[in-house]
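Each chain is listed here by its residues.
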Amino acid sequence: MNRMSEYIIEIDSATKEYKSEGATFVALKGITIRIRKGEFVSIVGPSGSGKSTLLHLLGCLDIPSSGEVYLDSMAISKMSPDDLAVARNRKIGFVFQAFNLSPTLSVFKNVELPLMIGDMDESRRAPIVRECLSIVGLSDKEKSMPSQLSGGERQRVAIARALANKPEMILADEPTGNLDSKSGKDVMDFLASLWEERGITVVIVTHEPVVAAYSQRVVHIRDGKIEKETLQKPTRAKGGDHIKLKEFESARGA
Ligand SMILES: Nc1ncnc2c1ncn2[C@@H]1O[C@H](COP(=O)(O)OP(=O)(O)OP(=O)(O)O)[C@@H](O)[C@H]1O
Ligand SMILES: [Mg+2]
């Protein structure tokens, strides 16, 4: 089968063009990037520079106009849409603002959703949903509707949902975007703990230097290209009471 790769995702010379009404806009102009398993990477750059577009390629949610994307060393252009969807669902958890919580579903149902897509029995789903909500400290909110939660709590539900499939990698687009600095710090401490203690690969897009400081590697995007990359000593997570990683461990083992 496929060789074991040290990279969870590799993008090779990718471009991304958006076509609308005869006009073509080139959002990514030849990007090559590899994300090593267990890495914590942040993507920064001006508005419109292509960060979200790149994150969508990294998450295999979209395909490049040219170039190739490898998920665990498998070229996604050679996978059927179904196989790609299964692999993506197994390996990657998304915390995207565009994919935010369903307002008509309870907190519990929102976290359960990816498991339903994954075809798991209801009796197996419930304990996983409860574990994930417990990890993010929201066990007491499972019956709440998203509109009854604070911004930080909603983002933690989004993280619980991303964790439900026990992904190897979490991708987050502006995870602290609409949060006050305290909630934003809680969310980042939490993501950093997952990375530090569980070895989950984390890739975030952010425009805030204090958020990028949590990562080991900062990729600077400008005008659809990688302008530079910097390595740094990451800000360490300061575990709050709501971070119960042992439970995550048991959830992953289930
Ligand atoms: N579906 C689309 N159709 C046409 N153009 C698009 C589409 N999506 C993105 N673009 C354009 O591609 C460029 C990159 O968009 P992208 O969303 O990746 O930027 P970004 O760096 O994430 O910006 P921001 O910081 O504002 O979120 C922008 O100029 C945008 O207008
Ligand atoms: Mg964006």
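Now for a quick tour of the structure. (Residues numbered from 1 in each chain as written. Chains lettered and ligands numbered in written order. Predicted model: local features only at pLDDT ≥ 70, side-chain atom pairs only at ≥ 80, totals over all residues.)

Glancing now at the overall build of the protein chain. Secondary structure assignment for the protein chain yields eight helices and ten strands. When its C-alpha atoms are laid out on the principal axes, the protein chain stretches across 50 × 40 × 40 Å. Across the 254 residues that make up the protein chain, the buried fraction comes to 39%. Contacts in the protein chain between residues at least 24 apart in sequence constitute 69% of all its contacts with a sequence separation of at least 6. (Helix = DSSP H or I, 4+ residues; strand = E, 2+ residues; numbered from the N terminus. Buried ≥ 20, exposed ≤ 12 C-beta atoms within 10 Å, placed from the backbone. Contact = placed C-beta atoms within 7 Å.)

With that settled, consider the packing of helix α5 (residues 151-163) against helix α6 (residues 181-198). Direction vectors running N to C along α5 and α6 enclose 20 degrees, while the axes themselves pass 9 Å from each other. Comparing their axes, α6 and α5 come out roughly parallel. The handedness of the crossing between α5 and α6 comes out as right-handed. Every residue of α6 that contacts α5 at Gly151, Gly152, Gln155, Arg156 and Ile159 is listed here: Ser183, Asp186, Val187 and Phe190. Considered class by class, the residues forming the contact of α5 with α6 number three nonpolar, four polar and two charged. (Axes fitted to C-alpha atoms, helices over the stretch in contact; angles between N-to-C directions. Parallel < 35°, antiparallel > 145°, perpendicular 65-115°, else oblique. Left-handed = near helix turned anticlockwise from the far one by under 90°. Nonpolar A, V, L, I, M, F, W, Y, C, P; charged D, E, K, R; others polar.)

The next point concerns the sheet that holds strand β7 (residues 169-173). Within the open sheet, the six strands sit side by side as β6-β7-β8-β3-β9-β10. Their pairing is mixed. Taken across any chain shown, the strands that pair with only one partner, and hence form the sheet edges, are β6 (92-95) and β10 (225-231). This sheet shows a mean twist of 15 degrees between the axes of neighbouring strands, independent of strand direction. Against the sheet, helix α1 (residues 51-58) makes contact with β3 (40-44), β7, β8 (201-205) and β9 (217-222), and its axis sits at roughly 155 degrees relative to β8, the strand it touches most. (Pairing = 2+ DSSP bridges.)

Once that is clear, we can look at the environment of Arg154. Considering the arrangement of structural elements, one finds Arg154 in helix α5. Taking C-alpha positions, Arg154 is 19 Å from Ser193, a pair spaced 39 residues apart along the chain. Excluding residues within four positions of it along the chain, Arg154 makes contact with Leu101, Pro146 and Leu149.

Let us look at the sheet that holds strand β4 (residues 66-71). Strand order across the open sheet formed by four strands is β2-β1-β4-β5, with antiparallel pairing between neighbours. Among the strands making up the open sheet, the edge pair consists of β2 (23-36) and β5 (74-75). Judged from the five bridges that link them, strand β1 (residues 7-20) and β4 form a sheet pairing that is antiparallel. Looking at β4, one finds that Asp12 is bridged to Glu68.

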